[in-house]
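For reference, the chains in residue letters:
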Amino acid sequence: MFWNLPYVAVVLLTVIGLATILLKRNLIKIFFGVGILTSAVNLFIIALGYREGGIAPIYTYAASENMVMATPQALTLTSIVIGVATTALMLSFAVIIYKTYGTVNVDEIRELKE
Amino acid sequence: MIPGFIATNAPALLIAVPLLGAFLSPVIGIISRDARALWVLAIITLTAIIGYFVAFLVYTEGTVLYVFGAAETALTVPPDSGGIPIRIIFAIDAMSALMVIIAVTVGFAVILYSLSSDSRRSGLEAYYTIFLLMIGAVLGMVSTGDLFNFFVFLEISSLASAGLVAYKVERGLAVEAGLKYLLVSTIGGIFFLFAIGILYGQYNALNIAMLAEVIQWTPLDKLALVLIIAALAAKCGAVPMHFWTPDAYSMAPSAVTAMLVVASQASLYGLFRICFTLYGMTLSYVTIGWVIIILGLLSMIVGVTMAIPQKDIKRLMAYHAVSQTGYMLLGVGVGLAVLGDQALLSSYGTTAMEGGIFHIFNHAMYKGLLFLTAGAIIYQVGTSDLNRMGGLGHKMKWTMIFFIIGALAIAGIPPFNGFASKFLIYESVFAFSPILSIIAMVVSILTLASFVKVFHSVFMGPPLPEHENVKEAPHTMLIGMTILAALVIISGIFPEFFIQNLIAPAANALIDQAGYIATVLGGA
């Protein structure tokens, strides 16, 4: 049970993130939800990559059979960078929306509906 | 300039040229606006040449492999890696090559068009950077043979597209549309990454061919497939995840909209690639095939019925784009539903897939053309409201001719290309289930009705007094439209040539999962 703790956290974070996105009406809080969801998937991939007793593949003289491929870590780093870019773009959109509409409540941002 | 060096590295250059061009274009823009325009044009021309060259290689010599950072470009499995393809691999087979052709052709036409259509706007230094970034991302999505790499390009294309949709910042509305698109894409992307994690956790591989060899259809694989289908169907605008399409398509600058259609189709390509090549025979193809058929049917019906009452010309066309995506899903879905039955597959399954794939090609051409004509009208008239247009046929003759070509093609009237692909779909889907075929035909008739209405209210009638100063669109815009219109007509008059040389190899590449695996992993 204890070793499944990261996965339990992943499920909890996913649920919290999705609930925030679906239930909150404030744009900034929705972005929080997206951030939590991104953290959930990052934690998931990092937890998958953990090998007990493994050695990071950066030591020249370590026993090579215990070295762990760093792919999940590489994936997570890429994913974090993408998450930062997305968050920045979303927040800049929120700034413009607040300037033109005077609100960040999604119920009031529906000029496009016909 | 060593031709041999260029030839070996062509798949990498396909991505490198637009990306490099993208980030250098603001620097060139410091010199002058014209220098930037020439630079962007040169970059997209070079990209198009490389794209056609790669496609030519694929169609003459078979799948092109490119391994990044390896000693040899075709060395997919290094000898000391224990049989795992650890590097990022580009695997361009006939289906990818077709998508590359679509992307570079439409990309070239829209860049040419946007050089004058968007020249009045400010902030152009970022505009062309993001535009080239988006084209590069689409090319990456369709060329890659690696799941995580696909995700990265998917995210680049989402970010670039959202930025371009929101480009007309001053009105606020465009930002609303861009935000909607960005949220859908990001959440879709996160679920796609979950699916990648699930697959990686089970099989320790990210390479599509490697995964395809060992995948087993465990409950976790089913979960991964559900997440992938949901994410990519949302990205390609299939009902019930279509709500972002009308907003994003109508608010983006028209040249961007034409390219957004291609970006959506790249997601569609991803969906087909994962269903056919990654899962292949292991998934319960009848169920998944029917899921895709039903997504297609819903898209067709909801798209066309929502399109009819629209007052905004681009919103109307956007709903038609949703409805046309339904045809592609229907065609390829039927092919997937009979994947395991060789007799049915050869009697009509392959034809249905050819129809669906040919429709992807045709849709990119005529829908791009229609959005460009809509852009030309909006550029000259200054409104996108159908009720405030009229009598434009007197002033904008060429635009009218291009609109007629596009409208007849989307409605499936011979001799334009929409007819060729829709006929393949009707014929083969009728053999599968007559009702589906009849629904497809009814949707086609409604499409025609809707476009007759648009044609009448935009071009017919007496010239309106407020449009006295309206002129024909500028030349570069007309050239961009001519390229697409010529392809619509040529592929409509000689469909046999296109089907035999481009479409049939693409359909076979999707069906032939074992061939794909053998080509990619065979180098070991």
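Our structure's up above, just so we're on the same page.
J.: Go over the packing of helix H4 (residues 94-117) of chain B against helix H5 (residues 124-143) of chain B with me, naming the residues and quoting the values.
T.: Residues and elements named next belong to chain B. It is the contact of H4 with H5, at a shortest axis distance of 9 Å, that shows an interaxial angle of 170 degrees. Classified by the interaxial angle, the pair formed by H4 and H5 is roughly antiparallel. Across the interface between the two elements, Ser96, Met99, Val100, Ala103, Val104, Gly107, Val110, Ile111, Ser114 and Leu115 from H4 touch Tyr127, Tyr128, Phe131, Leu132, Ile135, Val138, Leu139, Val142 and Ser143 from H5. Classifying every residue of the contact of H4 with H5 gives 15 nonpolar, four polar and no charged.

J.: Could you give an account of the interface of chain B and chain A, with specific residues and numbers?
T.: Taken residue by residue, the interface counts 36 residues in chain B and 37 residues in chain A. Between chain B and chain A the total buried area reaches about 3100 Å² when both faces are included, carbon and sulfur atoms providing 83% of it. Area buried by chain B at its contact with chain A is led by Glu176, Leu179 and Phe194 of chain B, which between them contribute 19% of it. Summed over the shared surface of chain B and chain A, the number is zero salt bridges. Our count for the contact surface shared by chain B and chain A stands at one residue pair in polar contact (both at pLDDT 80 or more). Taken together, the elements giving at least two residues each to the side of chain B that touches chain A come down to helix H6 (147-165), helix H7 (173-203) and helix H10 (244-251) of chain B. The dominant element in the side of chain B that touches chain A, judged by the number of residues it contributes, is H7 of chain B, at 18 residues.

J.: Break down a nonpolar patch on the surface for me, with residues and values.
T.: Together, Leu5, Val8, Leu12 and Ile16 of chain A line one region of the surface with nonpolar side chains, adding up to about 340 Å² of accessible area. For Ile16 of chain A, the position within the fold is in helix H1 (residues 5-23).

J.: Lay out unusual backbone geometry with the relevant residues and their values.
T.: All names here are of chain B. A cis geometry characterises the amide bond from Val239 onward to Pro240, with omega recorded as 10 degrees. Assignment of secondary structure puts Pro240 in the loop between helix H9 (219-235) and H10. A cis amide bond links Pro414 to the next residue, Pro415, at an omega of 10 degrees. Secondary-structure assignment places Pro415 in the loop between helix H15 (397-411) and helix H16 (417-432). Unusually for a residue other than glycine, Trp217 sits at a positive phi of about 70 degrees. By secondary structure assignment, the location of Trp217 is in the loop between helix H8 (208-214) and H9. Residue Trp217 is classed as buried on the basis of its relative accessible area of 19%.

J.: Which residues make up empty space enclosed by the protein, and what values do they have?
T.: Residue and element names in this part refer to chain B. Tallied over the full model, the rule gives two cavities of 30 Å³ or more. What the largest cavity holds in volume is close to 80 Å³. For the lining of the largest cavity, the elements supplying multiple residues, two or more each, are H10, helix H11 (254-279) and helix H13 (313-337). Ranked by the residues each element gives to the lining of the largest cavity, the list is headed by H13, at five residues. Taken together, the residues of the lining of the largest cavity break down into eight nonpolar, six polar and no charged. Reported here for the second largest cavity is a volume of approximately 50 Å³. In this structure, the second largest cavity is lined by Met141, Thr144, Leu147, Phe150, Ile208, Tyr269, Gly270, Arg273 and Ile274. Looking at the lining of the second largest cavity, the elements that each hand over two or more residues are H6 and H11. At four residues, the largest contribution of residues to the lining of the second largest cavity is made by H11. In the lining of the second largest cavity, the residues fall into six nonpolar, two polar and one charged.

J.: Outline the nonpolar core, supporting the account with residue identities and numerical values.
T.: All names here are of chain B. Core analysis: the biggest nonpolar cluster contains 224 residues, and Phe131, Phe192 and Tyr279 have the highest contact counts within it. Here this core gets 20 residues from one element, more than from any other, and that element is H7. Beyond its immediate chain neighbours, meaning those up to four positions away, Phe131 contacts Val110, Ile111, Ser114, Leu164, Ala255, Val256 and Met259. Residues Tyr327, Leu330, Val429 and Ala440 belong to the second largest nonpolar core, which totals 19 residues.

Thresholds applied
Residues numbered from 1 in each chain as written. Chains lettered and ligands numbered in written order. Predicted model: local features only at pLDDT ≥ 70, side-chain atom pairs only at ≥ 80, totals over all residues. Heavy atoms only, no water. Axes fitted to C-alpha atoms, helices over the stretch in contact; angles between N-to-C directions. Helix = DSSP H or I, 4+ residues; strand = E, 2+ residues; numbered from the N terminus. Parallel < 35°, antiparallel > 145°, perpendicular 65-115°, else oblique. Contact = heavy atoms within 4.5 Å. Nonpolar A, V, L, I, M, F, W, Y, C, P; charged D, E, K, R; others polar. Buried area = accessible area lost by both parts, 1.4 Å probe. Salt bridge = Lys/Arg side-chain N within 4 Å of Asp/Glu carboxyl O. Polar contact = N/O pair within 3.5 Å; in protein donor to acceptor, adjacent residues only side chain to side chain. Patch = residues over 30% accessible without salt bridge, like charges linked within 9 Å, V, L, I, M, F, W, Y side chains within 5 Å. Areas by Shrake-Rupley, 256 points an atom, 1.4 Å probe, with all protein chains shown as cover. Buried < 20%, exposed > 50% of the residue type's maximum accessible area, 1.4 Å probe, protein only. 1 Å grid on protein atoms, 1.4 Å probe; cavity = no way out; pocket = protein on both sides within 12 Å on 5 of 7 lines; lining within 4 Å. Points joined across faces, edges and corners; volume = space filled by probe spheres on them. Core = buried A, V, L, I, M, F, W, Y, C linked by side-chain atoms within 4.5 Å.

The values are spatial; any link to function lies outside them.
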